[in-house]
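Next come the chains, spelled out residue by residue.
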Amino acid sequence: MSNEDTQVNETQVENEDRRKFFGKTALLGAGAVAAPMTATMFASMAKAQASEVANSPVIHPGELDEYYGFWSGGHSGEVRILGIPSMRELMRIPVFNTDSATGWGLTDESKRIKGDSAHLHAGDSHHPHMSMQDGRYDGKYVFINDKANTRVARIRCDVMKTDKMLTVPNVQAIHGLRVQKVPYTKYVICNGEFEIPMNNDGKSSLEDVGSYRSLFNVIDAESMEVAFQVMVDGNLDNTDADYDGKYFASTCYNSEMGMNLGDMISSERDHVVVFNLARCEAAVKAGKFKTYNGNSIPVLDGRKGSKLTRYIPVPKSPHGMNTSPNGKYFVANGKLSPTVSVIEIAKLDDLFNDKIKPRDAIVAEPELGLGPLHTAFDNKGYAYTTLFLDSQIAKWNVEDAIAAHNGKKVNYIRQKLDVHYQPGHNHTSAGETRDADGKWLISLCKFSKDRFLPVGPLRPENDQLIDISGDEMKLVHDGPTFAEPHDCMIVHRSKVKPKKLWPRTDPIFAETIAMAKRDGVDVYTDNKVIRDGKKVRVYMTSIAPTYGMNEFKVKLGDEVTVVVTNLDQVEDVTHGFCMTNHGVQMEIGPQATASITFTADKPGVQWYYCNWFCHALHMEMRGRMLVEA
Ligand code: CUK
Ligand code: CUA
């Protein structure tokens, strides 16, 4: 018996088992009888199984995923980490929301990070994007916008916690957000979507919509301060950066500056604004800017006719903006137009030097289907565009689309795959970097309808995993998610190196430890109560399964700050601190210090307990706050 025969026979055994299963189902269903399998059918099935092994979404128990997926949590305000391709949710990173499990938004450390917006408990996160070195993820930070409250936050990927947050002045509703890719992420770029009067102080005319402006924002990635802003014509939607460190491009969907739907979509064309980074930086240096609203942020004038920007007309109401990973093209997605507009980045120098007209930078405008919103890329010259209205993803060849634009008779569309349903963003593995590998595509579908068990009028979204390693896209997984992933990105696991324990010198709680020092407390050895007028600071350690302090006494009405330092050195041993009936709870990771402040407004015995299961005696890990009236 030849090797091949053996293989076929083994496959045959497997397939015969499967056939019984399928056969029975089929019989129950439609009374159909399974056709006998031929040797060719077996061989092709074996081949199909082999190719599935090469790019399999199946991650067996105990196995690890190849990629980290960073997911926007939409109006939940958070960011989530998924394993790809299993689509298992690995972690949630609270950002703009308040989180009961970790105490994000409740602890003193998180309030310090949230800064002037610490009192806000809601957010709308859309676009998570990782910092880069030379067009490749560097594993350092993930940045995310908050459309609802005009914020940008930074997540530190060594601990997967938010460490900076900024409310962006002079604008309203930060929407599109990306990072500078080359030479490195010096800047985070983002769009102020909703146009408002400059000096929005209620003193100038609110009716004069001609004075409303939308600004492009350039934020220093390290300091998380606004480096400068650029005033534009029209309002801005999505954005992306090139691979040369020269240009940023944003879509504009309301060049009319309409204040209602009819007016917003009245003209046939809107535009893409291209920003020239070197010229903008030079203008800031030369002091060619104005300031508004009483702050000192340089605002450059990039309206039509400016040297800093160029306006490329495209069919009306474009939405997504995506740079191809070979660095050649910006793709603006049509939304109301069935087309996408392909801008050749190499032509932008000539455009800025007035050697060509804006529309000359467009090298293709392929018609893909209804409602193109976002485009992702592989490493083989293919683009994948979500069609919101058609509920499909169109796979198309970029160079063929350019050839067609030049009059050649070629079909640039390779395949349309049904997705379920109404996709917004999509994303390929490492597809927004030079490392695009053409293995996986995610389609973030806004509606799941019939794809899952019904759970009431509110349904989950459906994040679908598609294998793009072969010639044809293959849908391999339906993933229900809660409100509402707008965007995601997929990072190879080799790029991310999270810590197992907190460094005791971590800046996230450095101020808390400094406070302890001022109180003469060593948080690693001491368990002490410090009274400071009506303020009481309670310092305690924790080591499974006990706190360093079993009881402490305060007076009714005291402002109590509890500082817990987790001395456990075993990875994954996180403790919690919960004061019953006070809305007080937080996470204390191994070797971390965390603090929370509340008013002791209930007399008598108030138990505190550990709410992260840490030990066989976890239930016993508790103590009493004795509140004297
Ligand atoms: S947006 Cu939501 S589907 Cu905020 Cu990037 Cu396009
Ligand atoms: Cu410590 Cu549970």
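Because the structure is a prediction, the values reported are computed rather than measured.

Criteria and cut-off values
Residues numbered from 1 in each chain as written. Chains lettered and ligands numbered in written order. Predicted model: local features only at pLDDT ≥ 70, side-chain atom pairs only at ≥ 80, totals over all residues. Heavy atoms only, no water. Patch = residues over 30% accessible without salt bridge, like charges linked within 9 Å, V, L, I, M, F, W, Y side chains within 5 Å. Areas by Shrake-Rupley, 256 points an atom, 1.4 Å probe, with all protein chains shown as cover. Salt bridge = Lys/Arg side-chain N within 4 Å of Asp/Glu carboxyl O. Helix = DSSP H or I, 4+ residues; strand = E, 2+ residues; numbered from the N terminus. Near = heavy atom within 4 Å. 1 Å grid on protein atoms, 1.4 Å probe; cavity = no way out; pocket = protein on both sides within 12 Å on 5 of 7 lines; lining within 4 Å. Sits in = over half its atoms within 2 Å of the grid points. Nonpolar A, V, L, I, M, F, W, Y, C, P; charged D, E, K, R; others polar. Pairing = 2+ DSSP bridges. Axes fitted to C-alpha atoms, helices over the stretch in contact; angles between N-to-C directions. Buried < 20%, exposed > 50% of the residue type's maximum accessible area, 1.4 Å probe, protein only. Polar contact = N/O pair within 3.5 Å; in protein donor to acceptor, adjacent residues only side chain to side chain. Phe/Tyr/Trp six-rings, centres within 6.5 Å; stacked < 30°, edge-to-face > 60°. Lys NZ or Arg CZ within 6 Å of the ring centre and 35° of its normal. Arc of directions from axis to C-beta. Contact = heavy atoms within 4.5 Å. Points joined across faces, edges and corners; volume = space filled by probe spheres on them.

Q: How should a nonpolar patch on the surface be read in this particular structure?
A: Taken together, the side chains of L261, I265 and L336 present a nonpolar region at the surface, about 280 Å² in accessible area. By the element assignment, L336 lies in the loop between β19 (329–333) and β20 (340–344).

Q: Where do I start with the site of ligand 1 in this structure?
A: The local shell around ligand 1 consists of H126, H127, H175, N238, H319, H374, G424, H425, K446 and H486. More than half of the atoms belonging to ligand 1 lie within 2 Å of the grid points that define the second largest pocket. Along the lines of polarity and charge, the residues of the shell around ligand 1 split into no nonpolar, nine polar and one charged.

Q: Can you help me understand the sheet that holds strand β17 (residues 309–315) in this one?
A: In sheet architecture, strand pairing relies on hydrogen bonds along the backbone and comes in two forms, parallel and antiparallel. Ordered by their spatial adjacency, four strands build an open sheet running β13-β14-β15-β17, and the pairing between neighbours is antiparallel. Because the sheet does not close on itself, it has two edges, and the strands there are β13 (236–241) and β17. Going from strand to strand, the sheet's axes swing by 25° on average, the running direction of each strand aside. Pairing analysis gives seven bridges linking strand β15 (residues 269–276) to β17, with the strands arranged antiparallel. Bridged to V274 within β17 is R310.

Q: Where do I start with the side chain of T309 in this structure?
A: In this fold, T309 is placed in strand β17. Taking relative accessible area as the criterion, T309 reaches 2% and is therefore assigned buried. Within the local environment of T309, its side chain forms a polar contact with the backbone oxygen of G302, the two atoms lying 2.7 Å apart.

Q: When you look at the packing of aromatic side chains in this model, what are you seeing that I'm missing?
A: Centre distance and the angle of the planes are the two values used to describe a pair of aromatic rings. The final tally for this structure, using the stated rule, is eleven aromatic pairs. On the basis of an interplanar angle of 80° and a centroid distance of 6.1 Å, the ring pair of Y187 and F228 is categorised as edge-to-face. Residue Y187 is located in strand β9 (residues 187–194), and its partner F228 is located in strand β12 (residues 226–232); the two are separated by 41 residues in the primary sequence. Grouped by ring-pair contacts, the aromatic residues Y547, F552, F577 and Y608 constitute a single cluster. One Lys or Arg, K304, reaches over the ring of Y311 and ends 5.6 Å from the middle of that ring. In this structure, R504 packs its charged tip against the face of Y524, placed 3.8 Å from the ring centre.

Q: Would you mind going over helix α8 (residues 510–518) with me for this structure?
A: Every α-helix winds through 3.6 residues per turn, so residues three or four apart in the chain are directed the same way. What α8 keeps buried is the set T512, I513, M515 and A516. Buried residues of α8, seen end-on, are gathered within an arc of 155° and therefore sit on one face of the element. Away from the buried face of α8 by more than 90 degrees, exposed residues E511, K517 and R518 are located. On its buried face, α8 sits against α3 (108–114), β32 (535–543), β35 (559–566) and β38 (593–599). G520 occupies a position one or two residues after α8 and carries a positive phi of about 70°.

Q: What is the right way to look at empty space enclosed by the protein in this model?
A: Taking a probe equal in size to a water molecule and rolling it over the atoms shows the remaining empty space. Enumeration according to the criterion identifies two cavities of 30 Å³ or more in this entry. Taken as a whole, the largest cavity encloses approximately 250 Å³ of empty space. Lining the largest cavity are 18 residues, with T102, K161, W502, I508 and E587 positioned closest to its centre. Elements represented by at least two residues in the lining of the largest cavity include exactly α3, β7 (161–167), β37 (584–588) and β38. Class assignment for the residues of the lining of the largest cavity results in eight nonpolar, seven polar and three charged. Taken together, 14 residues line the second largest cavity, and the ones lying closest to its centre are R178, N322, T375, H427 and E432. Top element by residues in the lining of the second largest cavity is strand β26 (residues 423–428). It accounts for four residues. Of the residues in the lining of the second largest cavity, the class split is two nonpolar, eight polar and four charged.

Geometric values such as these leave the question of function open.
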